[in-house]
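# Results of the structural survey
Chain residues, written in single-letter form:
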Amino acid sequence: MLVMGEVHTGLLQNSGEVPESSARDVLRLLAGETVRVSRRPIVYAVSPDRLTGVDCRLPSASQSRVRGIGTVVSRSSITGGRIVQGSSYAHVERSGSDRRLAWSHYLARPGVIEVFGKARAEDLADGFTEDPPADCLDLGAISARFMDTVQASPLLDRRAPFKIARARLRWVARTGEPAIRLTLHSDQVRTLRLVHEGEFTPAVVDLCEDLALHDWLLTALLVIIERARIGSRSGPEAAAKLAPAVDHLLHLWMPAARVDDALAPFWESLDRRPGFTRQWQSLVDRVRDQVAVNTLALLSATADAGRRRQ
């Protein structure tokens, strides 16, 4: 029928960038399981997948009583030693039985939730991308728990260089004529509707996580610039407020670095409209211009002071 997922993205609670070796230890959520790491073009570490069993009502725009039983796949990741994500998803499909089966049946189908009763894919998708009721499947709570587990690691000093809210991306994917729609609901909540050709693969999850990461980066940079109050603060004060962006964020912008080639056109369509990279580059130029102007002013003041002492 469709795939539902939710990604939470935030700043890793550590004063500095976490090295690859520490990222492995922080993400080792299962004893004996391997943390996967890639180093190009940016260091990316991802935990082993974990399953969460669910037996609950599924969100429905029509408020239909739709029951789902199965498992949710979750994982956590750290990008560039600075950004942490908690991600969960499940493939929702109709059950081949009219009764609940033993848990061994559902565990043998990881990441699949079987639906009982009448259910339409579009109705479930609409219900999930709206604000789901409290008594329904809550992928956000599962993703948040995995992210909290990482943030609570004793290997982190919990002294983040600046405060910034987490972002949540709820997404649904199904097969059909390719299309993508990203909707901004608030500073922290986004929804993504994705229609793609062919069967679902984990590459779709990679795409959604990459979109969530870069959307959070763009939002974080906007917030830092707003806090700097450029024009109403003195140059040195504004530059000091912009320093966290230079130290911790600007080098992390690498859209579609881990996106499958077959799904890259979706990123390219978002880069055309609404234009993520254009906005990012404009903000980066503004930060660097402010830092450069302040540096020149300081050099000029230092030179003047030197001439007066002569």
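Structural notes, computed from the coordinates.

## Some points on the overall build of the protein
Broken down by element type, the protein carries eight helices and 10 strands. Taking all 310 residues of the protein together, 47% fall into the buried category. In the protein, the share of contacts with a sequence separation of at least 24, taken over all contacts with a separation of at least 6, comes to 69%. Of the roughly 15000 Å² of accessible surface on the protein, 50% is carried by carbon and sulfur atoms. Taken as two groups, the 41 positive and 37 negative side-chain charges of the protein have centres that lie 5 Å from each other.

## Topic: the pattern of salt bridges
On inspection of all chains with the given rule, the structure shows 17 salt bridges. The salt bridge involving Arg39 is made with Glu20; its shortest N-O contact spans 2.7 Å. One end of the pair, Arg39, is in the loop between β2 (36-38) and β3 (44-46); the other, Glu20, is in helix α1 (residues 20-26), with 19 residues separating them in the sequence. With relative accessibility at 44%, the residue Arg39 sits in the partly exposed group.

## Some words on the packing of helix α5 (residues 202-228) against helix α6 (residues 235-248)
Taken N-terminus to C-terminus, the directions of α5 and α6 make an angle of 170°; their axes are 8 Å apart at the nearest point. On the basis of the axis angle, α5 is roughly antiparallel to α6. The element α5 and its partner α6 pack so that their crossing is right-handed. Where α5 approaches α6, its residues Leu221, Ile224, Ile225, Arg227 and Ala228 are matched on the opposing element by Ala238, Lys241, Leu242, Pro244 and Ala245. For the contact of α5 with α6, a count of residues per class yields eight nonpolar, no polar and two charged.

## As for the nonpolar core
In this structure, Trp171, Val204, Leu207, Trp216, Leu217, Leu221 and Trp280 are the most contacted members of the largest nonpolar core, which totals 47 residues. Residue assignment for this core shows that the elements contributing at least two residues are β1 (2-11), β6 (83-94), β8 (167-175), β10 (189-196), α5, α6, α7 (264-272) and α8 (276-309). Top element by residues in this core is α5. It accounts for 16 residues. With residues up to four places along the chain from it excluded, the contact list for Trp216 reads Thr9, Gly10, Leu11, Ile83, Ile164, Ala165, Arg166, Ala167 and Leu249. The next biggest cluster of nonpolar side chains, apart from the first, holds 21 residues, and it includes Cys56, Leu124, Ala125 and Ile142.

## Considerations on the packing of aromatic side chains
A complete count under the given rule lists four aromatic pairs for this structure. Ring geometry for Tyr89 and Phe200: centres 5.6 Å apart, planes at 50°, overall tilted. Of the two residues, Tyr89 sits in strand β6 while Phe200 sits in the loop between β10 and α5, which places them 111 residues apart along the sequence. Between Trp103 and Tyr106 the ring centres are 5.6 Å apart and the planes differ by 70°, which places this aromatic pair in the edge-to-face class. Taken together, the residues span about one helical turn, with Trp103 and Tyr106 both in helix α2 (residues 103-107) at a distance of three residues.

## Re the pairing of strand β9 (residues 179-184)
Here β9 pairs with β10 via six bridges, running antiparallel. Among the inter-strand pairings, Ala179 is bridged to a residue of β10, identified as Val195. The loop that links β9 with its antiparallel partner β10 comprises four residues.

## Comments concerning the side chain of Gln151
Positionally, Gln151 belongs in helix α4 (residues 139-151). With near-sequence residues (within four places) excluded, Gln151 lies in contact with Leu11, Leu12, Gln13, Val84, Leu156, Arg158 and Arg166.

## Some points on the side chain of Asn14
Tracing the backbone through its elements, the reader meets Asn14 in the loop between β1 and α1. What makes Asn14 buried here is its relative accessible area of 11%. Only 3.0 Å separates the side chain of Asn14 from the backbone oxygen of Gly16, close enough to count as a polar contact. There is a polar contact of 2.8 Å between the side chain of Asn14 and the backbone nitrogen of Asp157.

## Brief notes about the pairing of β10
Looking along a regular strand, one sees side chains alternate from face to face of the sheet. Burial analysis of β10 places eight of its eight residues in the buried class, the great majority of the element. Along β10, one buried face is formed by Val189, Thr191, Arg193 and Val195 and the opposite face, lined by Arg190, Leu192, Leu194 and His196, is buried too.

## Considering unusual backbone geometry
Note that the residue after Arg40, namely Pro41, is joined by a cis bond; omega there is 0°. Positionally, Pro41 belongs in the loop between β2 and β3. Of note in this structure, Gln63 is not a glycine but carries a positive phi near 65°. Locating Gln63 in the fold gives a position in the loop between β4 (50-57) and β5 (67-79).

## Some details on the packing of α5 against α7
α7 packs onto α5 with a crossing angle of 25° between their chain directions and a minimal axis gap of 10 Å. Between α5 and α7, the crossing angle belongs to the class labelled roughly parallel. By crossing handedness, the relation of α5 to α7 is classed as right-handed. The residues of α7 that touch α5, namely those facing Leu207, Asp210, Leu211 and His214, are Phe266, Trp267 and Leu270. In the contact of α5 with α7, the residues fall into five nonpolar, one polar and one charged.

Quick notes on the rules
Residues numbered from 1 in each chain as written. Predicted model: local features only at pLDDT ≥ 70, side-chain atom pairs only at ≥ 80, totals over all residues. Heavy atoms only, no water. Helix = DSSP H or I, 4+ residues; strand = E, 2+ residues; numbered from the N terminus. Buried < 20%, exposed > 50% of the residue type's maximum accessible area, 1.4 Å probe, protein only. Contact = heavy atoms within 4.5 Å. Areas by Shrake-Rupley, 256 points an atom, 1.4 Å probe, with all protein chains shown as cover. Lys, Arg positive; Asp, Glu negative; His and termini not counted. Charge placed at Lys NZ, Arg CZ, Asp CG, Glu CD. Salt bridge = Lys/Arg side-chain N within 4 Å of Asp/Glu carboxyl O. Axes fitted to C-alpha atoms, helices over the stretch in contact; angles between N-to-C directions. Parallel < 35°, antiparallel > 145°, perpendicular 65-115°, else oblique. Left-handed = near helix turned anticlockwise from the far one by under 90°. Nonpolar A, V, L, I, M, F, W, Y, C, P; charged D, E, K, R; others polar. Core = buried A, V, L, I, M, F, W, Y, C linked by side-chain atoms within 4.5 Å. Phe/Tyr/Trp six-rings, centres within 6.5 Å; stacked < 30°, edge-to-face > 60°. Pairing = 2+ DSSP bridges. Polar contact = N/O pair within 3.5 Å; in protein donor to acceptor, adjacent residues only side chain to side chain.

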